[in-house]
Structure formats: C-alpha cells, structure tokens
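A structural walkthrough
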Amino acid sequence: MSVVVAGDNIISALGGTTRENVTAVLAGKSGLKKYDGFCPSQEDGVVVSQIAEEQDNDAIVKNLSRLEKFIVTSVFRAAKDPNVVSHPNTVFILSTTKGNIGLLDENDPLHDGNPQLDLWHTAKVVAKFFNNPNVPIVISNACISGVVASIVAKRVIENGMYDRAVVIGADEVTRFVISGFSSFKALSSKMCRPFDAKRCGLNLGEAVGTIIYERADAAGGKQIVLDSGAITDDANHISGPSRTGEGLYRALNECIEAAKKTGADSSEGKLAFINPHGTATVYNDQMESIAISRAGLSSVPAFSLKGYYGHTLGACGVVETVLCAHFLKEGEIPASYGYTGPGTEPFPNIISERMKINGSSCLKFASGFGGCNAAIRLSYRMLNVNDMSASEDTKSVEKVREIIDGAKYATAVGGLDKSADYGLYINKYEHIRLKGAEGGDYAASNVVKDGLDVLYRNSGMDYPKFFKMNLMCKAGILLVDRLIGSPEEDEKTVGKKNQENTALIFMNRSSSLDTDVNFQETIKRDKFFPSPSLFVYTLPNIAAGEICIRYKFYGENTMFIKEKFSAGRLVAYIAGLFKENVTQRVILIWDECTKNYADVFGAVITPKEVPGAGKFNLQNLTDFYIK
C-alpha cells in the first residue's frame, strides 16, 4: 500500500497558493527583505520573509490568532473537497516550533487566561473549525517538525489508523524567535547563502504549508508517492550539529534502504535531486555536506530553499516538501539562491542555475537543535496493484481504529480493544510526581526544581551537566536513569546495537512554556538581554536530545504535544516502529514540568520479555500510568 499526495498549499511571502510559490521560486524570486525594529541587538536590521497577504477579521475567524487564520486558509486551499477534511477517517497533524508564541505578553508573562499559547489548543481549534471529530496530532521537533509530520502521517495511514492525514506546518516571525537566534549570533544582516564559501548566517521567515496525504486507491495514475522516511539523533550536542554527520547519515541511509525494500527504488525511480536543510550557518551546512558524502549522494543535484523563504522553523519541512513534489512534476529544479561557489568539504553538487532533472524521485531532509534529523523520499510515478493493496497487518482497519483515543467513528467502532496483543512487552515503568502549593512562598513555588535536585543527589548519578538543564530535561534524565540505569549499565544489559537503536517517544502538555516564560523575561524592551542558554531549552525536544547525548541513542526521537496523557494511538504507532526493523527498543516518556508541578512517566518497551514484564497494550500502559 502506498501513501500519496492528494492536495497541497503554501502561504508565504511569495504568494498564497502553491502555484504562485512554485512559479516564483523557479523564476529565482526571493521573499526575503530587510526589516528594522524586530530585535534591538540587530543594529543593521534583520533579513526575514513575512507572509504577504492579509487576513480578514470577519465573523467566521474572529476568535482565531493571526497564525491560526492562515492555517485555516491554507487547509481550505489544499482541500479539493472540503468534506474530506471533516471526514472521521481523516486526522489533522500540526507541526510547529513555537506556534502562537508571539502572543506571550512581556507585561504578563504568566499567560493566564490565554490557552492559545498551548500548541495542542491551536491544533484542536483548527480541527474543530473543520468539524473534524478526531483528536489532532501535534509534533514539535524543532526544525525537523515538518518532515517528521510527513513520516508520522505515512505511518498512521499505513497502520490503518486513518485513510487520510492533513499535515500542516506553521510558524511566524516574532521578537521571541528572532531574539533567540540573535543570542546565538546565528542571524545574518545580509541575504543568506547556503553552502556558499561566503555564507555568514541564517535568515528567518514565516510560512504556512499544508499537504493532504491519503491511502492510494484503485484510481491509480501517476502521482506523488511518499516512499519512505526516517528519524534519528546525532547524540552529540543540543545546539551544535555533529562534526561527522552521523545522525543525518543514518537517517538518509535508513530512508534509502526502506525505499529499496518496498521496490520504490527501481530503475524508473532514479534519484533526480536532494533538498538539504541548508540554513547557511557554518556548521550545519558542513555537517550536511559530510552526511551527503557518506550516503553516496555528492554527485546528485542539490539546492537549498532558505534563500527564497529564510528558515521558517516548523513550517519549512512541509513547505519545502510541497515544493519538491511540484519540482518532480515540473521536471526542473531552481537554483540554490545565493550560491556562487563551494564553501564546504566535501562539497555536494549545489546548483547555481535552474535546470531540468533526470529522474523521478528526490530526498528531502532536515536537522535541528537537540541533534534531531529526519529524511523522506518522494517519487512521481505510475501506481501499480501493489501500491493499492494493504498489508495483512492493515487490512482489518476497524480493529486498529478501536484503540484510537478521541475518535468518534459513525459505524466502524465496536468495543474498545484495550488488550490487543502486539507481541511486545513493558519491561519496566517509573513515575515521578511532585506538586507544590499554588501561590505559596518561594520554597513551595519551586518545589519541582528543589525536588528534582534532591532526587538527583540521592540517585548516585555523576552528571554535572544536570544542573544546567531546565526542569523538563532534568526530569527526563532522572526518569531514564531509573528505567535503565547509567549508560554503562544499559550497554552491558542490552548491548551496543540495541542501545544505539533505541527510540524515544516523548509527550507532554505544555511544550516548553515554562522556559518560554523565563526567556521572555530576558527580552523585555526595557532590559533586553536574551539568554542563549535559556533559548535552546524553549524547544521541547531538547529533553530527548539530552538523553540521546548521555546514552548515545541514535534512534528516533519524536515530540508529541497532547492535552493530557493518553496512549491509544501510540500503542499502534510504537508497534509499527518495531516492524520497520530499525528500532530495537522504545522508551515512552510523558514529561510535564512546571515550577510547582511535575508529572513524569516512562516505560521501556521491547520485543523481548523479561521477568516481571507486562504485555504492551493500552490497558497495561494506562494502568501503569495511573498507579
């Protein structure tokens, strides 16, 4: 069974439709411009791209934020049939790095009474706008969020959870984000030049993109197919890319190998081009060049799209995937804007002029803070009978749907199968709970920080970096230590291969909002001094990155934002990871931490049973969390 693109849209500085954006990019037009006033430390102004069109504040969308209005508009434009997005067999997947962070008021940083700052709330509002009955999926994996969203869409469709997924990538330019990147000295006051010898930093941008993926049907025909995808970690540094490109190399290799296994990588599916992240920062571009070389892709035509849009954060993976799909259809690719000569070694085949392509498939990939990496392979090809057939595991779609939390199917749902047997085991679980008094004294209002520090001192761990972390990362490190011990103990228990191929599936409710509030305090206009050490922790997936660094986990790490702990969809999703024959072990973590409240739960899931293990199913996972 194949997953195909059924509709798409881009809203950006270059236009409000996909066609406008494709035409502008192929014509070599950039949406980047210089602006003043965003960030006091950028004396020369800042180069960004901003969405060109205005949104009417009419009665229909009057309660939506600016970003939410653009999301709704993008979905409308992507859907050929509006009824499709409201169908109970359709799920919304939102990828975003910071969502409505611009609404965080510097004069009232506690955000009380403003639920729009919660990422799950944004997704819920959008799904409700379209009368979609399913709980939306929210992914916040820094810069790779949009690519991860496509991979998640492919999995939930192939696993039989849904027939269709509306994938949205959305972020906007704010003082918050610009101040953060400025604190890292990563912004350029000139147009960015990815992979170029004279590159001097990135530009930021805003955009909203939508891709509608669906199960291939009997209609067949030539379509854009999402062939494969992979997510990995560098296990190197939370804000600096690997010097060897190890994580990205693994993602590219897994993606290529997966396409071979499905037969998508045939002689007709020759790789026409690759689209790297290409941020125009010194170390990212160098890391990508090394990974490209290690994967044997140095001769394949390559280009970055950041010179057209800037770095649009959680939107870039969706927007750039839409463009890549249309480049395959058009049969040509654009010049890598700003590129004049090689600035990395070994240098990839970066193209400086628009050119015709030779092939029908491409690789799109990205890397981000926390050491995360993701890659997908697209192809433009005729579908055959194998593309339309479901595997034995997904033929009984209704049975799988029975365990999906929040779904309200009209006819498909019978009883709730909470004890479905996936042939997997929960070998251990742990729970950390801390709670302080609302409005109490200093000690009470910092009970989580103090409590986590006490737990660390009593744990026997020797990890001085612990005290530099935010609450969410501290809690995650402590929890994993309780689950599997020290890195040395874990390797001795499970072996190096199983350790390296461990996947981290993270969830929480408030993303990184607690740290966001702290960072907002450092960028008040009357005392502007943005903290880079705080800014990096305003990304929720950094907690997974910290764990990967300590334990040398190179496997998948994906950050889901959920209104509350619920594992209905995740049991089927995690079971699917093992079937891809890459993941050897999954550590599932719910990590919700604020100053006075911590609810941190974790479980180790493997295909091997150990004494005292419980069957991996929804019933046991829920029971263990409640205990």
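So, here is what we can say about the structure in this document. These numbers come from a predicted model, not from an experiment.

Within the open sheet, the three strands sit side by side as β2-β3-β7. Their pairing is mixed. Of all strands in the sheet, those with a lone pairing partner are β2 (33-35) and β7 (204-205), marking the two edges. With three bridges joining them, β2 and strand β3 (residues 46-49) adopt antiparallel strand pairing. From the neighbouring strand, K34 faces β3, where its bridge partner is V47.

With that settled, the discussion passes to empty space enclosed by the protein. Counted by the stated rule, this structure contains three cavities of 30 Å³ or more. In this model, the largest cavity occupies a volume close to 70 Å³. Residues belonging to the lining of the largest cavity are distributed by class as follows: eight nonpolar, one polar and one charged. Here the second largest cavity is characterised by a volume of approximately 50 Å³. Around the second largest cavity sit T97, K98, I101, L117, L119, S510, S511 and D516, which together line it. Broken down by class, the residue content of the lining of the second largest cavity amounts to three nonpolar, three polar and two charged.

Right, let's get into the packing of aromatic side chains. In this structure the tally under the stated criterion is 26 aromatic pairs. With 5.8 Å between their ring centres and 70 degrees between their planes, F303 and F327 make a pair best called edge-to-face. In this pair, F303 is assigned in the loop between β11 (301-302) and α9 (306-309) and F327 in helix α10 (residues 316-330), connecting sequence segments 24 residues apart. For F327, a relative accessible area of 0% corresponds to the buried category. Ring plane angle 5 degrees and centroid distance 4.2 Å describe the contact between Y429 and F624, whose orientation is recorded as stacked.

Moving on, we get to the pairing of strand β21 (residues 597-606). In terms of burial, β21 is largely enclosed, as nine of its 10 residues are buried. Pairing of strand β20 (residues 585-594) with β21 involves nine bridges; the strand directions are antiparallel. Each residue of the ladder has a partner; that of I587, found in β21, is V604.

Now for the nonpolar core. Grouped burial of nonpolar side chains is what soluble globular proteins tend to show. Of all hydrophobic cores here, the largest spans 174 residues; its most connected members are I93, I168, F273 and F327. When residues in this core are grouped by element, the largest group, 10 residues, is from helix α15 (residues 471-484). Every residue in contact with I168, bar those within four places of it in the chain, is listed here: I71, V75, F92, I93, L94, S95, V126, V208, G209, T210 and V318. One finds A230, A251, A291 and I350 within the second-largest nonpolar core, a separate group that totals 20 residues.

The next thing to look at is the pattern of salt bridges. Counted under the stated rule, the structure contains 29 salt bridges. Notably, a salt bridge pairs K124 with E563, separated by 3.1 Å at the nearest N-O pair. Highlighted residues: K124 in helix α4 (residues 119-129) and E563 in the loop between β19 (557-561) and α21 (568-579), separated in sequence by 439 residues. The class for E563 is partly exposed, based on a relative accessible area of 34%. With its nearest N and O atoms 2.6 Å apart, the salt bridge here joins E246 to R250. Here E246 and its partner R250 are both found in helix α7 (residues 246-262), four residues apart, which amounts to about one turn of the helix. We note that E246, like R250, is buried. A single network of salt bridges, built from pairs that share partners, joins E246, R250, R294, K496 and E500.

Analysis parameters
Residues numbered from 1 in each chain as written. Predicted model: local features only at pLDDT ≥ 70, side-chain atom pairs only at ≥ 80, totals over all residues. Heavy atoms only, no water. Pairing = 2+ DSSP bridges. Helix = DSSP H or I, 4+ residues; strand = E, 2+ residues; numbered from the N terminus. 1 Å grid on protein atoms, 1.4 Å probe; cavity = no way out; pocket = protein on both sides within 12 Å on 5 of 7 lines; lining within 4 Å. Points joined across faces, edges and corners; volume = space filled by probe spheres on them. Nonpolar A, V, L, I, M, F, W, Y, C, P; charged D, E, K, R; others polar. Phe/Tyr/Trp six-rings, centres within 6.5 Å; stacked < 30°, edge-to-face > 60°. Buried < 20%, exposed > 50% of the residue type's maximum accessible area, 1.4 Å probe, protein only. Core = buried A, V, L, I, M, F, W, Y, C linked by side-chain atoms within 4.5 Å. Contact = heavy atoms within 4.5 Å. Salt bridge = Lys/Arg side-chain N within 4 Å of Asp/Glu carboxyl O.

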